[in-house]
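Okay, here's what each chain looks like letter by letter:
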Amino acid sequence: MTIDPFYLLGVERETDDESVRKAYLEKIRQWPPEHYPERFQKISEAYSLVQTRKKRLVFQLFHRGSADFAPVKGGFFSANTRGRPTQDELKGWLKKVLISSGIKGR
Amino acid sequence: MAQKRRKKGYSSPPRPKSSEGLDHLRSGHFKKAIESLKLALKEDPQSADLKNLLAEAYVGRARELSDKGMGQEAAIMLERSSLLTEKPPDPVMLFSLFLKGGQIDRAVASLKPQKEKSETGESLDAGPLGEALAGLSLVGCAEVLTLFDENSPFVNHHHTALEILQSYDRGEDDAALVLLKKLPVGSPFKNFRLFIHALILSASQPETALGLLAKVGEDSFFHPLAQAVKLATASDPSQIDALSSLSSPASDLARRLLNIDADALRTVSQLESLASNPDKLAKALLKPGLEPLFPREVLKALCLPLLPSAIGQLEPFQQRFGHLPPWEVQRIRALAMEEQNRWSSAVAEWKKAADNVNDPMIKALIYQRLAGFPHFQDSRNLWEMFQSGGREKNSRADFLESSLRYDPKDRDTHLALIHLHGKKKNNPKVRTTLDRAVREFPEDREILEAAMDATFAAGTFKKAGTFAEKILSFNPIHHRAHSVMVESHLAHARKKIKERRLDLANKELLVAESLEKKHARSGRVQVCQAMVAFLNGQGPEGEEKLRLARSLPTHPLETELMIQAEAARLKVPSDIVKKNELTFKALSKNAVPDTSSILKLIQNIEHYLEEKSLPVKHWMEILQPLFIKAAVLTFTMEERRLICNILLENNFFNILNHFAKAGQKQWAEEGSFIFFSLSAQSEGNVLAVRDGRIGILEEAMHSTDSRLDTRTMGNMEKFLSASFLTPRRPVFFDDDDDDDDDDVDFSCMDDTDFESELGPIVALLKGEIESRVVREHKLRRKMGDKKYGESLAKELAQGLPMGKEIFGEIIRKILENNPLPDHGTKKQSEKSDAGHRSPRQLEIEFDD
């Protein structure tokens, strides 16, 4: 399932070339190829699909495929809605891990 | 018999339980080992060896149970083992087993003897045990602290860790970060430090957080929790599926960090599982129950790309999310038609979309897409095309032109048009297309190259030379541009020679000579110079130039043919070049053929055939013995096919017969040479091939090499379709179809033109009307209606979507190609070919 290039770059469908370029540069700064080669490749592919107005229109007009759940999942991953577990929750999970794993090799 | 008796009487002595238990122990079957060894120990209760083995089996079983999460039972096994060996069990192991059993107090208590040994409890705070104790101290197990001195580093670190957690809980991240520095690298709380540090930074500094999480060791208790934080920090939606692979507490932590509603997650997984069935997925997405989980806009965005593959959901979609603009609906329908390979309907929908949309760029893109549509493959689509309005402007060139109307600066479209028009020689559209493209992109090398090639192919050498000159100004070593420049001057020189303006011709030839690279000279310039010299009455100079041409490393026959061609082309009086013709004849008689020279020669012949004024047939008569000799040479299959195709296309049937037969000998199973052979024998007239052989031919087409070139395939189809006996592949969207004239004048067409225009129509209609036409034809002839063809055409044309003239031509063509057998012929035909006639032919013959 391909990820929507607009979503991946974090740009609106009705945007201009410069905004797309800026978004692309920001993304590759965030995910440098030397550390995140796969992620970088996806970003580059997405950029190549929406780099110019013509390419953006081609994608919007002729792209078809399955439903892209990436934005939905991305909503789950949105930093704005990030939750913060309490110390009690953390302790509870840690206790569960301790009990379930024991000491390895013993 | 003896064997049977032995088998019956054989009974092995019972194995001692001890050895059985030992075997089980070795093979890791601890439960069985315990059972056997217990029995053995009953028999020999004092055996120290048996006790040790049983203790070992208990330890193994304890590990087994522990791995299954049955810590309590495992601890019991370990205690039994220690009773047998009369040694205390390994406290760390016991700790681990009790921990796994959820008996934290007993787990900690099991470490007390260890503490008593070390006094200070130092040995307990190292490694995984130390980390486990640190973890237990954090989760509220106060007993752990009793294992250490009050002032021990462990207890100090424990207090710091608690303070960190409290600061974190209050949201005082800065204070927590300061406190984290108090936990040294060697502390049993080191992984806690890394984990909590990463957790604090995960939102603000994800990269640093990921770096910290990577340092949490795989054997650490914090590792699964660190994985959860890593997943949440990476913010990679594609990793959401990894959530399910996390252990339960880690998954809980990840979902808590990501604020993922468990129901939403489950629903997404369920929806994703429908991805292979767009219709089902669209239906599921359109159910009203999803709105509480997903925003309306999200659902709409999810559903929209599915619609072309689930066109039935278009209406429900519009009812749910409101009406889409008309062009958008047409776009979706067009994509749906494309998916179903209903190309004509797709064309119609795209055209409607283009008409309704306002954005010229979108219009242009739609036409570009239409230009890239594949050829029609079946008559069903053709019929749709007729229904949609008959002969519309639906060629690639038309679509590209339409695209340029809305986006005149689209370089790729200009280029595509040049390539498209450039394929056909003498195309008047080439000039317009080129001028427009070069005007838009005067410095574009690719456009200039395409323009040069197109003009060169069209024979407008002067124009090609202009483009070549421009290309050479960018790239002085452009090989093709050099050749075109030479050709351009040569063409100009030829023109001057024909006008007998020999001085000017000489000048042009000198320029051409100077441009020609010495190692790549073909001799044409020298031959032309020789002709000029002859015409000027300078025989020796002419001979000298010819000598120079003959000295070049081309095949002598090739050079002689070139001399003949130039002499004919430049209309040099025959008495001047008579000597050369004799040389040519003598050479062709005595030359020993070889594959490369024959190939080159036949290609040159094909090239010369394009110039109608050249006496190629005369040359072929001279060369015929040589070619017949060459037919038995060992060519590759592709080479032989190329030669056969050239010979067939230019009606050199005698030579073709030799080449085809030699091909059949070399590749007996290869169908294409059967075709060439039959074509040669019937002299290209399929009607002269008997019915039975037509079957062979059809079989040959199927059995032919799968890598068959399109040229051979085209020739086969053309040959067979001449009789309308076999289906012909419709080629409505012809790449080369650049005529935009709707009203074709069929009366001035020759057979080839007629077929190229009407072939698809005939292919479509023949099955439906042919039998009726023939039947009517016979009936009316009997009734003495002499104008049957015309009246029949008028009648049958009623209600058909195309013009009467076209239809009339179709019927006339069918009649011409289906001459009615007279009675004598019929009987003869029945006698000779009874077993080989096609059902259709039988139907025609016995219809009376």
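Residues numbered from 1 in each chain as written. Chains lettered and ligands numbered in written order. Predicted model: local features only at pLDDT ≥ 70, side-chain atom pairs only at ≥ 80, totals over all residues. Heavy atoms only, no water.

Student: Account for the overall build of chain A, with residues named and values stated.
Tutor: Summing up its helical and strand segments, chain A has six helices and zero strands in all. Walking chain A from its N terminus toward its C terminus, one meets helices and strands in the order α-α-α-α-α-α. By residue count, 41% of the 106 residues in chain A fall in the buried class. Of all intrachain contacts in chain A linking residues separated by at least 6 positions in sequence, the fraction that spans at least 24 positions is 59%. (Helix = DSSP H or I, 4+ residues; strand = E, 2+ residues; numbered from the N terminus. Buried < 20%, exposed > 50% of the residue type's maximum accessible area, 1.4 Å probe, protein only. Contact = heavy atoms within 4.5 Å.)

Student: Before we move on, could you go through the overall build of chain B and cite the residues and values that matter?
Tutor: Looking only at helices and strands, one finds 46 helices and zero strands in chain B. Across chain B, every contact between residues at least 6 apart in sequence was considered, and the portion connecting residues at least 24 apart equals 58%.

Student: Describe empty space enclosed by the protein, listing the residues and the values that go with them.
Tutor: For the structure on display, the rule yields four cavities of 30 Å³ or more. In terms of lining residues, the largest cavity is bounded by A:L90, A:K91, A:L94, B:L138, B:L165, B:F192, B:F195, B:I196, B:F222 and B:L225. Counting residues per element, the ones that place at least two in the lining of the largest cavity are α6 (87–101) of chain A together with α12 (190–201) of chain B. For the lining of the largest cavity, a count of residues per class yields nine nonpolar, no polar and one charged. (1 Å grid on protein atoms, 1.4 Å probe; cavity = no way out; pocket = protein on both sides within 12 Å on 5 of 7 lines; lining within 4 Å. Points joined across faces, edges and corners; volume = space filled by probe spheres on them. Nonpolar A, V, L, I, M, F, W, Y, C, P; charged D, E, K, R; others polar.)

Student: Break down the interface of chain A and chain B for me, with residues and values.
Tutor: The interface is formed by 51 residues belonging to chain A together with 84 residues belonging to chain B. In total, about 6200 Å² of surface goes out of reach between chain A and chain B, with carbon and sulfur atoms giving 65% of it. In this structure, the connection of chain A to chain B is made through two salt bridges. Between B:D410 and A:K54 there is a salt bridge, and its shortest N-O distance comes to 2.5 Å. Summed over the shared surface of chain A and chain B, the number is five residue pairs in polar contact (both at pLDDT 80 or more). (Buried area = accessible area lost by both parts, 1.4 Å probe. Salt bridge = Lys/Arg side-chain N within 4 Å of Asp/Glu carboxyl O. Polar contact = N/O pair within 3.5 Å; in protein donor to acceptor, adjacent residues only side chain to side chain.)

Student: Can you break down the side chain of B:H158 residue by residue, with the values?
Tutor: All names here are of chain B. Locating H158 in the fold gives a position in helix α10 (residues 153–170). Owing to a relative accessible area of 4%, H158 belongs among the buried residues under this scheme. Only 3.0 Å separates the side chain of H158 from the side chain of S137, close enough to count as a polar contact. Beyond its immediate stretch of four places on either side in the chain, H158 contacts S137, L138, L145 and F189.

Student: Account for the nonpolar core, with residues named and values stated.
Tutor: A:L90, B:F95, B:L133, B:L136, B:F192 and B:L253 are the most contacted members of the largest nonpolar core, which totals 85 residues. The dominant element in this core, judged by the number of residues it contributes, is α12(B), at eight residues. Membership of the second largest hydrophobic core comes to 69 residues, among which are B:L502, B:A512, B:V616 and B:M716. (Core = buried A, V, L, I, M, F, W, Y, C linked by side-chain atoms within 4.5 Å.)

Student: Tell me what's going on with the confidence of the model for chain B, and back it up with residues and numbers.
Tutor: Looking at chain B, pLDDT values average 75 and 75% of them are 70 or higher. Contacts from residues 723–764 of chain B, a stretch scored under 50 in pLDDT, to residues over four places away or in other chains number 96 contacts. (pLDDT = per-residue confidence, 0-100.)

Student: Help me get a handle on the pattern of salt bridges, residues and values and all.
Tutor: Residue and element names in this part refer to chain B. This model, assessed by the stated rule, comprises 26 salt bridges over all chains. Between K463 and D435 there is a salt bridge, and its shortest N-O distance comes to 3.2 Å. With K463 in helix α28 (residues 461–474) and D435 in helix α26 (residues 428–440), the pair connects residues that are 28 residues apart, well separated along the chain. The exposure class of K463 is partly exposed, given its relative accessible area of 25%.

Student: Quick one: what's the story with the packing of aromatic side chains, residue by residue and with numbers?
Tutor: Per the counting criterion, the structure on display carries 18 aromatic pairs over all chains. When the ring of B:F195 is compared with that of B:F222, the centres are 5.6 Å apart and the planes differ by 35°; the resulting orientation is tilted. Here B:F222 lies in the loop between α13 (206–214) and α14 (223–234) and B:F195 lies in helix α12, a separation of 27 residues in the sequence. No difference in accessibility class separates B:F195 from B:F222, as the two residues are buried. Clustering of aromatic rings is evident, with ring pairs tying together B:W667, B:F673, B:F675 and B:F676. Sitting over the face of the ring of A:W31, A:R39 holds its NZ or CZ atom 4.3 Å from the ring centroid. (Phe/Tyr/Trp six-rings, centres within 6.5 Å; stacked < 30°, edge-to-face > 60°. Lys NZ or Arg CZ within 6 Å of the ring centre and 35° of its normal.)

Student: Provide a residue-level description of the environment of B:I628, including the pertinent values.
Tutor: Residue and element names in this part refer to chain B. Residue placement: I628 occurs in helix α36 (residues 616–630). For I628, a relative accessible area of 27% puts it in the partly exposed group. Sequence-wise, I628 and L656 are 28 residues apart; in three dimensions their C-alpha atoms are separated by 8.9 Å. Not counting the four nearest positions on each side in its chain, I628 is found in contact with N654 and H658.

Student: Requested: an account of the environment of B:N358, with residues and values cited.
Tutor: Tracing the chain through its elements places B:N358 in the loop between α21 (343–356) and α22 (360–371). Separated by 31 residues in the primary sequence, B:N358 and B:W327 have C-alpha atoms spaced 9.3 Å apart.

Student: Any details on the packing of helix α30 (residues 502–515) of chain B against helix α31 (residues 524–535) of chain B? Residues and values, ideally.
Tutor: Residue and element names in this part refer to chain B. With their axes 10 Å apart at the nearest point, α30 and α31 run at an angle of 160° to one another. One way to sum up the angle between α30 and α31 is to call them roughly antiparallel. Relative to α31, the crossing made by α30 is left-handed. Facing L502, A505, N506, L509, L510, A512 and E513 of α30, the residues of α31 in contact are V525, Q526, C528, Q529, V532 and L535. For the contact of α30 with α31, the per-class residue count stands at nine nonpolar, three polar and one charged. (Axes fitted to C-alpha atoms, helices over the stretch in contact; angles between N-to-C directions. Parallel < 35°, antiparallel > 145°, perpendicular 65-115°, else oblique. Left-handed = near helix turned anticlockwise from the far one by under 90°.)

Student: Describe the side chain of B:D444, listing the residues and the values that go with them.
Tutor: Secondary-structure assignment places B:D444 in the loop between α26 and α27 (445–458). Polar contacts involving the side chain of B:D444 include one to the main-chain amide nitrogen of B:E446, which spans 3.0 Å.

Student: Any chance you could break down unusual backbone geometry for me, citing the residues and the numbers?
Tutor: With a phi angle near 60°, B:R500 is a residue other than glycine that sits in the positive phi range. Along the chain, the position of B:R500 falls in the loop between α29 (479–498) and α30.

Student: Explain helix α9 (residues 127–138) of chain B residue by residue, including any values.
Tutor: Side chains three or four residues apart in an α-helix point the same way, a direct result of the helix having 3.6 residues per turn. For α9(B), with 12 residues, the first-to-last C-alpha span of 17 Å sits near the 16 Å given by 1.5 Å per residue. With 10 of 12 residues buried, α9(B) is to be regarded as a mostly interior element. Regarding α9(B), the residues found buried are B:L129, B:G130, B:E131, B:A132, B:L133, B:A134, B:G135, B:L136, B:S137 and B:L138. Against α6 of chain A together with α6 (91–100), α7 (104–109), α10 and α12 of chain B lie the buried residues of α9(B). Directly beyond the C-terminal end of α9(B), a positive phi value near 105° is found at B:G140. (Expected span 1.5 Å × (residues − 1).)

Student: How would you explain the confidence of the model for chain A if you had to name every residue and give the values?
Tutor: Here chain A averages 80 in pLDDT, and 75% of its residues register 70 or above. Here helix α5 (residues 70–77) of chain A is the element of chain A with the lowest mean pLDDT, 62, and helix α2 (residues 17–30) of chain A is the one with the highest, 93.

Student: I'd love a proper account of the packing of α6(A) against α10(B), names of residues and values included.
Tutor: Where α6(A) meets α10(B), the closest approach of the two axes is 9 Å, and the angle between their N-to-C directions is 130°. Classified by the angle between their axes, α6(A) and α10(B) sit oblique to one another. Contacts from A:Q87, A:L90 and A:K91 of α6(A) reach α10(B) at B:L162, B:L165, B:Q166, B:Y168 and B:D169. Taken together, the residues of the contact of α6(A) with α10(B) break down into four nonpolar, two polar and two charged.

Student: Please give an account of α2(A) that cites residues and values.
Tutor: Residue and element names in this part refer to chain A. The end-to-end C-alpha distance of α2, which contains 14 residues, comes to 20 Å, matching closely the 20 Å that a straight helix rising 1.5 Å per residue would cover. Buried residues belonging to α2 abut α1 (5–9), α3 (37–50) and α4 (53–62). Its side-chain oxygen 3.1 Å from the backbone nitrogen of E18, D16 forms the N-cap of α2.

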